[in-house]
Every structure is written in structure tokens, then in C-alpha cells.
Amino acid sequence: MHSNKRYLIELCTAAGLIVAPFILPHLGFAPNTVNRILVWGLFGVGFDILFGFTGLLSFGQSAFYGTGGFVAAWLLTRAGFPNVFIALVIGMVAAAAVGYLVGLIALRRTGIYFAMITVAIAEVFFFVEFNPLADFTGGENGLPGVPTPSFNLGFTTLHFTTGWSLYQFLAVCYFVGIVIALRIVRSPVGAVLSAIRDNPLRAQAVGHNIHGYKLTAFVIAAAYAGFAGGLLGVMQAFMPPDAFMFETSGQLVMQTAIGGTGTLFGPLLGAAIWLFLQDFLQSAVHLGAAWKLVLGLVFVILVVFLRKGIIGGIKDLYDLATGAKKKREATEADALADFKEPAGGNDIIAPHKRDSDRASGPILQATGLTKRYGGLMANSDIDFTVNHGELRGVIGPNGAGKSTFFKMLTCEIPPTSGTILFEGRDITGKSVTDACQLGLTKSYQVNQLFTNLTVRQNLVVAVLADLRGKFRLDMFRDPQSIPGLKEQVEQTLRLVRLTSRVDTKVSDLAYGEKRRLEIGLALATRPSLLLLDEPLAGMSPQERVETVKLLKSISKGRTMIVIDHDMDALFELAERVTVLQEGRVLVEGTPEEIKGNAAVQEAYLGGMHEEVH
Amino acid sequence: MINWANFVSQVFNGLALGALLALISSGLTIIYGTLGVLNLAHGAMFMLGGYAGYVAYSYTGSFLVAVLAGSLFVGLVGILMERVIIRHFYSRPHEDQLLVTFGLGIVFVELVRLAFGSQSQLVPAPAIFSGITSLGFMFYPTYRLAVVGIIAVALTALFLVLYRTRIGMIVRAGIEDSMMVDALGINVYRVFMIVFGIGAMAAGFAGIVNAPVVSLTPGIGDDILVQTFVVVVIGGVGSFPGAILGGLIAGEIISITSMINPGYAYVMLFAAMTLVLVLRPYGLLGTRGRE
């Protein structure tokens, strides 16, 4: 049944494109309008991969639209290049190359910085096109005389000219563009892109080189823009200079937001609404130049009230009507339900990064670890060694520097001084991604999950980092075909007891379930050393008992370090305990030794002796 | 061969433009720093200031009234915008905030286009600043010199508000950590509203002060917005001194490059921004983590 549905979207798209010329004229769409919608739609497919799927809002897409368009148009009008289709492809490649270079700069920063830089880039390209490169681009005049495509098939020549004739060519281009985009968003790369959108920090921490993937999305968007830009010239028999204008970027953003992001088809719908309203307001209502004001207002209202655009709105309505999204009441009882199922025997032994069972001696050695924030010493001169297979506890009063210590061990922050050896290798100053790839990761004190993805998708993201390494461009691969992926996800699901919640969105999970998924994400990367930062934080007493059991089962054949405030739980779990106080190691020993240690008691009871004297 | 008189006059032009950009960018950057919202309608605020001043001027004939009306009107628009729309976006993703302010910017521009048409409007310089001044070795339009002075006064006023008043202290604390300010029992929402008003007002003030230099069109704020972004990236987001330094740098780059070849002004500006991003990713005077 799954395979029947597999190409459903592709088939529907093809059917839609075939029947469009028979239906749309009756709705008042001129063939040229439909063609423009297709070009905007294709332009938007790439943009949606960048914005809707990866979460990067660029206001600079006109730069690539113009680059692709002018390279193709220049080849065809000035350079005497004969083949329209190959010229379009060259334009696309040029736009992608420019996108790569621009991406290197723009992606140095995220969030609003990224948006501002892309705005600046778009403006620069506009000026470059008008002035320094005016000899190539025709400046204000653009490049007239762009030919339409024809294909010599030997026995006959297909020539696409204007109107519905050209529509056939554009429709095929759009269809191929959609098919490729669908492949990309369903591929492992697509999964990582969504993870970056939801939580870049965690995507990095589970071992993905997010910079590389963001750059990939940026280049893909530039390539789509470049090809669409070329089509614009072909469609109008003229390459207009305003392709480079900032308004072009703005219109794309607005159309995509109106149609709906993260659907690939949103930009097409948005463009249809935009162009239809523009025609309608100008010719039927005689609004003249005020059409843009009306569209601006429509856009603002949509952003305020319909966050996911029109397609998102329709989807929500559909879900509401069919009751497909039965809002499951997430309760504590629910969260514990999975525990009542018997653990599946011995088949759920925790996975390993490397065959380190036989290894002995230290897996982690930190020497002289110090972290200074200005005048504040968060950690000073910590020596810390953990052996293979050990389960170490770390305790200390609030502000003792436990979390800072963990962040240094997992390479989230670099130490001010000191070194960290992991499996004999110096990892000081490495990135958190590299540390995870080497087999050292942590579960966070505050949940860091991919909240808009399902439980399964969350785990898939983590497992992909383990199976594919930190960066790989398998953009057309079906994730199902990756050997071991399914097993590893299932195994982790069983371990953290979330089997019955696989297809639930993380935002609909109960707190306890989220905590277990948090541990599951770390576990799914198959670490040989797992750090757990307060895994029991915020749990009810019953959940704590179950989670301690879970931690015990995870720890079989694995090295773990656990921070927690729950001393009873920690003393029950850990073989050895390290006590931190004021950024230093106070004492280290077995739980019994720690319980009886006077210095520890003093640290926790707060230096009462000093006042007594 | 460089003509020195021409060069010096371009340096002055750069100073005037730089001062203007510094003021507009300060407005943008304190709003972003405090509220966490990047106002893409900030360029439209600049434009609105010019037109509001133009209307006031055509009724009263007084430039001073025009400046007051321009800045107060835009301050009011800012406050309304914050109360009615922006407020509901604090808890929404950055992208939504960008989209809604971008849309509002278009609405403002198109409203003005509807009311005043696309042709340019002129506000003459006040009589005392009209004509040209001899600087000994060259002549320079008096009003442009005055612009530098007027903006300097405005920036000083903004500085005093930010660094010498209670509200300024709260604003600067909010830039560092608005959650903490909230936790200290200060009504951050009221502060947010005031800051949005002050930030918008800075742009509006710049808009009317600039009106005698460059004639008004509905799209006048678009270029300014882009330049403001470059200024903020160069100077560092959330930094008031950074906005001033970045503004002056950007103004000089645009002016001096324009003297040689206007087509490269933006290219050079962008090159400077890239250089800063590579060497000091958080801006010349910015701090890590404000984004």
C-alpha cells in the first residue's frame, strides 16, 4: 500500500499540469499568465527548500534568478549559442556557482543577520548588472530577442513558441523540477535539512555538519532560481533587467508565504493568487497602481492569522473535518504506558560505536581543564579520568560548574586551558559534531528535540549521522535503502520505550516521553561514551524509578557519565562518583565513600562549621 | 588625476550621509537589540517621516514644524505598529517577524504612493541654511553642513536618553538580557513600546531632515534600508556606538566610491561588509550572541 501511494504526489502534479490548459481558460487565466505562474512556481520550489524546509529566509533570490537569466539570455542573443535548453542549463550552473560563493559569506551568520546579508547581496547584484556589467546585460534595456526552444527529434522538430505551445515546455520543466525536489526532501539530506530548521544546535550535536547542509540548500535554491530566470527570458523573448530587482525577491517571499511554506507547491499557489489578483484588481476593479497595496494588506493579514499559508490552512481544515489529528491527551499515565510492556528480552542491548568491549583502561582523560568567563572561574584545573565500561556519577551543589564541565567534554565550548583525551585521541578544540562522530555525545539538561518532527523522524536524523558520517550529498537516495537504519531506529525506540508513539509529533508528547526521546537521540548515534546531563530533571517519582531502570539497561557494555541532583538515584546507579564544588573536584570515590565523606556533607549542608568556630 | 576640492567635498557628502545612516541605524539597532525584532519596515519609517514633514511644511511653511511633525508622526506610527501587530509576534519565529514587517513596509509605501503619487516632492531647506558656504578652499551647500550638525545633536540626544536616563538604562539592560529585566519586575512590554517608538522616530527624523537634500519619492526608504543593514552588520547588531561607526564608514565608502565610479558604490560597500564578516563576524563593536 505504501508503494501505491509513493508516487501519488508526482502523479497528481502530472495530471494537474495536463488538465490545466483545459480548465484554467474558463477561470479567466490567459495562457501567458499561466506560464508566468509556472516560472514563479519553479523559482519558488528551490526557495521553499531553503526557507520552508531548512528555515533560512533569504531576501536575495533575485541575485540568482537574474544571474541564471542573464547568462542564458547572453549566450542565446549575444554569443550566438544555438541550443536554448543547454543555455538554460548553463545559466542554472552559473547561478548555482554564484550561489555557492554567496552562501559562503551569507551563511557565516544565522537568523536576522542572514536575512540582512541576503538583502544586501540582492542589491549589489542589481547595481552590478546595471553598471559594471551593462555591456553584457544591456543595462536598462535588458537583452531582447531571446529565442524559444525547439528540439530536433530526427523525424520531426518540436518548436515551442508562445502561449499554450510554450506552456508544454514550461510544464515539463516544472514537473521535472518538482520530481527532483520531492526526491531531495525525502532523501537523507532532506531529513537533515528539516532537523536544521527545527533545532540547528541539536542537528550539530548528533553529528551533522550543518554548515555544509545549509550551503547545499542555498546552492539548490540558487540553481532553481537560475533555471527559472532563464525561462523568464525565454517566455518573454526578452530578458528584463528587473529580474535582478529586490522587488523580485520580495514578491517570491510573499508568494511563498501566501501559498504556504514547506510544501513545495506553496509558491505555485501563491503565484497563481498573486498574478490573478493583480490582473483582476487592475483590469476588473480598475484599482490601477493600488493593486500592490491590496496585495500587501492581504499578505500582512495572512502572516498574522494563517501562519502556514493557504495550503497549511487547508490542511488544518481537512484534519479538523476528518478528525485525522485526534489530539491525544498526553498524560503521565500515557507516558508510563510503554513501560508496562515487557522489555523485548536481550535483543535490545545498546548499540556501540566501536567494538570497545574488549578495551580497558581510560576512555576519557581530562587534565587541567579550566574554563574562565572574564573574572569568573567556572571550572579550574579539573583532572578527570573515566575507564571503559564505567558508570560514573557527577554531583555537586548548584553552580558547582557541572554543566560547564560537560559542555567542555562534549566540545560544545572550548576550555580556556587543559586537554581532553578520548580513546587516546586529543579532542581538545574539536567541534561538537566531530566529537559525536568519534562516539562521544550527551543528552541535554533542557530538551533539545526536533519539535515539528515525529518521534521516528527525530531518531532517523540521529541515526543518519551515525550511518552516513557528518556530511554526505546522497540527495536522491531513499532513506529506507540505507542498511541498518530501520533496525537501529527500532532498537532505540524499544530501548527508550517509545514504540507506541513513533508517529506522534514531538510537540504532542508528554514531558516524560520527551525526556526519554532526549536520551534516545543521544543513544541513536551509538556513542561509546554517553554523557547525561540531569536525565531525571523534572520527572515524577514514578518516572524516575522507570528512568533509572532505563539508564541501567542502556549502560550495559557502554561507558556513561551522569550528572544529577537525585543523589539516591545516582548512588544506586553509579559505580564511582565525582563531587564538584566551586569548579573544582572536591572528592572522588565509590558511593559509600562519598556518603561518608565529611567534606561532601559540608559542601551540601553549606559550611555550618565556619559559623560555629 | 584626483581633484582635491572635489575629493574634500565628497568626504563632506560622505559625512552627511554617514551621519544620516548612523541615526537611522541606531533606531534599527536599539529596536532589534531590545525587542529582538528586525524591522524591515524601517526604511518605510524614514520615508513616512519625509512625507509627514512635507505635509506639515506645505500647511505651515515652517521647517521646524515639519521636523517636529515628521518625527512625532513616525514615532506614533511606531507605537501603534508595536501595540497592534508586533506585540503578537514576540513569541513567534524570527522569520514571521521579518515577513510581517516586510509586508507592513510595502503597505506604508503603497499608501503613500496612493496619496501622493510617484512623482518626487521637494521640501526646501530653511532660509538660514540655504545657499552655499565658503570653506576657504571650496564652496559647499550650507544645508548639508547643517545636516551634519542637526544629526549630531539628534545622536547626542539619543545617547543621553540611552545612557543617562532610567528608561535608557532599562533599554541597555534589555539588550543584554530582556528576560532578566522582566524578572526584575519591570514592565518590559511598556518599555518595548517606547523603544519601538523612539527607534521609529529616529528614522522619521532622519527622513524629514534629509528631505531638502534628496527629493521625496515613495520608494526613497528602500535603498536606505539596505544601506542600514550593511551599517548594522559592519557595526554589530544591538550596538549603538557600532551603528554610529558603521554609519560613518558606510557613508564615506559610498561617497568616495561614487566620485570615482558610482556603479561600484554598492560593490565596495558589500566588499567592506564581507571583510568585516570574515575578520570580525560579530561586527566591529558587536558582541557575540546578540542575534
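Bear in mind that the values here come from a model prediction, so they are computed numbers and not experimental data. (Residues numbered from 1 in each chain as written. Chains lettered and ligands numbered in written order. Predicted model: local features only at pLDDT ≥ 70, side-chain atom pairs only at ≥ 80, totals over all residues.)

This paragraph deals with the overall build of chain B. Of the regular secondary structure elements, chain B holds 10 helices and 2 strands. When the elements of chain B are put in sequence order from the N terminus, they spell out α-α-α-α-β-β-α-α-α-α-α-α. On C-alpha atoms alone, chain B measures out to a radius of gyration of 19 Å, which is about the 19 Å that the 2.2 N^0.38 rule sets for 291 residues. Over its C-alpha atoms, taken along the principal directions, chain B stretches across nearly 60 × 50 × 35 Å. Scored against the burial criterion, the 291 residues of chain B give a buried share of 53%. Put simply, of all contacts in chain B between residues at least 6 apart along the chain, 77% involve residues at least 24 apart. (Helix = DSSP H or I, 4+ residues; strand = E, 2+ residues; numbered from the N terminus. Rg over C-alpha atoms; globule rule 2.2 N^0.38 Å. Buried ≥ 20, exposed ≤ 12 C-beta atoms within 10 Å, placed from the backbone. Contact = placed C-beta atoms within 7 Å.)

Take the nonpolar core next. All names here are of chain A. By size, the foremost hydrophobic cluster in this structure holds 284 residues, and its most contacted members are Leu42, Ala120 and Leu231. If one sorts the elements of this core by residue count, helix 11 (residues 210-236) sits on top with 17 residues. Once residues within four sequence positions are removed from consideration, Leu42 is found in contact with Cys173, Tyr174, Gly177, Tyr224, Phe227, Ala228 and Leu231. (Core = buried A, V, L, I, M, F, W, Y, C linked by C-beta atoms within 7 Å.)

A few words on the sheet that holds strand 6 (residues 376-387) of chain A. Residues and elements named next belong to chain A. Across the sheet, 4 strands lie side by side as 6-5-8-9; this open sheet has antiparallel pairing. The sheet terminates laterally at strand 6 and strand 9 (425-426), the two strands that pair on one side only. The pairing of strand 8 (residues 417-422) with strand 9 spans 2 bridges and is classified as antiparallel. Bridge assignment links Phe422 to a residue of strand 9, and that residue is Arg425. On the sheet, helix 17 (residues 402-409) packs against strand 5 (362-373), strand 6 and strand 8 and is oriented at approximately 60° with respect to strand 6. (Pairing = 2+ DSSP bridges. Axes fitted to C-alpha atoms, helices over the stretch in contact; angles between N-to-C directions.)

This part covers the interface of chain A and chain B. With 33 residues of chain A at the contact, the number on the chain B side is 35 residues. The dominant element in the side of chain A that touches chain B, judged by the number of residues it contributes, is helix 6 (residues 111-130) of chain A, at 12 residues. Class assignment for the residues of the side of chain A that touches chain B results in 23 nonpolar, 5 polar and 5 charged. (Nonpolar A, V, L, I, M, F, W, Y, C, P; charged D, E, K, R; others polar.)

Turning our eyes to something else, we now look at the domain arrangement of chain A. Residue and element names in this part refer to chain A. Taken as a whole, chain A is organised into domain 1 (39-147 + 166-244), domain 2 (268-324), domain 3 (360-439 + 527-613) and domain 4 (450-525). Residue-level contacts link 19 residues of domain 1 with 23 residues of domain 4. Looking at the side of domain 1 that touches domain 4, the elements that each hand over two or more residues are helix 8 (163-186), helix 9 (188-198), helix 10 (200-205) and helix 11. Tallying contributions element by element places helix 9 first for the side of domain 1 that touches domain 4, with 7 residues. For the side of domain 1 that touches domain 4, the class distribution of residues is 8 nonpolar, 8 polar and 3 charged. (Domains from an automatic or database assignment.)

Okay, the environment of B:Ser26 next. Residue and element names in this part refer to chain B. Looking at the element boundaries, Ser26 is found in helix 1 (residues 4-35). Under the C-beta neighbour-count criterion, Ser26 is labelled buried, with 32 such atoms within 10 Å. For the pair Ser26 and Val231, spaced 205 residues apart in the sequence, the C-alpha separation amounts to 9.6 Å.

Right, let's get into helix 22 (residues 541-554) of chain A. All names here are of chain A. Over its 14 residues, helix 22 runs 20 Å from end to end, which matches the ideal 20 Å to within 8%, given 1.5 Å per residue. For helix 22, every residue scored as buried is listed here: Glu543, Thr547, Val548, Leu550, Leu551 and Ile554. Buried residues of helix 22, seen end-on, are gathered within an arc of 160° and therefore sit on one face of the element. (Expected span 1.5 Å × (residues − 1). Arc of directions from axis to C-beta.)

A word on unusual backbone geometry. Residue and element names in this part refer to chain A. Of note in this structure, Glu423 is not a glycine but carries a positive phi near 50°. The exposure class assigned to Glu423 is buried, which follows from the 20 C-beta atoms found within 10 Å. If you check the backbone angles, Glu534 has positive phi at about 50° while not being a glycine. With 20 C-beta atoms counted inside 10 Å, the residue Glu534 sits in the buried group.

All names here are of chain A. Strands sit in the order 10-11-12-7-13-14 across an open sheet of 6 strands; the sheet is mixed. Each edge of the open sheet carries a strand with a single partner, namely strand 10 (440-443) and strand 14 (584-589). Going across the sheet, the axis of each strand differs from the next one's by a mean of 20°, ignoring polarity. Set on the sheet, helix 17 makes contact with strand 7 (391-395), strand 10, strand 11 (529-533), strand 12 (559-563) and strand 13 (576-581); between it and strand 11 the angle comes to about 150°.

All names here are of chain A. Within the secondary structure layout, Ile594 lies in helix 24 (residues 591-595). C-beta crowding within 10 Å serves as the criterion here: with 24 such atoms nearby, Ile594 is assigned to the buried category. Non-local contacts of Ile594, meaning those with residues more than four positions away in its chain, are made with Val577, Val579, Val587, Gly589 and Val600.

Here the focus is the pairing of strand 14 of chain A. Residues and elements named next belong to chain A. Note that strand 13 and strand 14 share 5 bridges and pair antiparallel. Along strand 14, the bridge assignment pairs Thr578 with Glu588. If you look at the hairpin formed by strand 13 and strand 14, you'll find 2 residues sitting between the two strands, and Glu582 has a positive phi there, around 50°.

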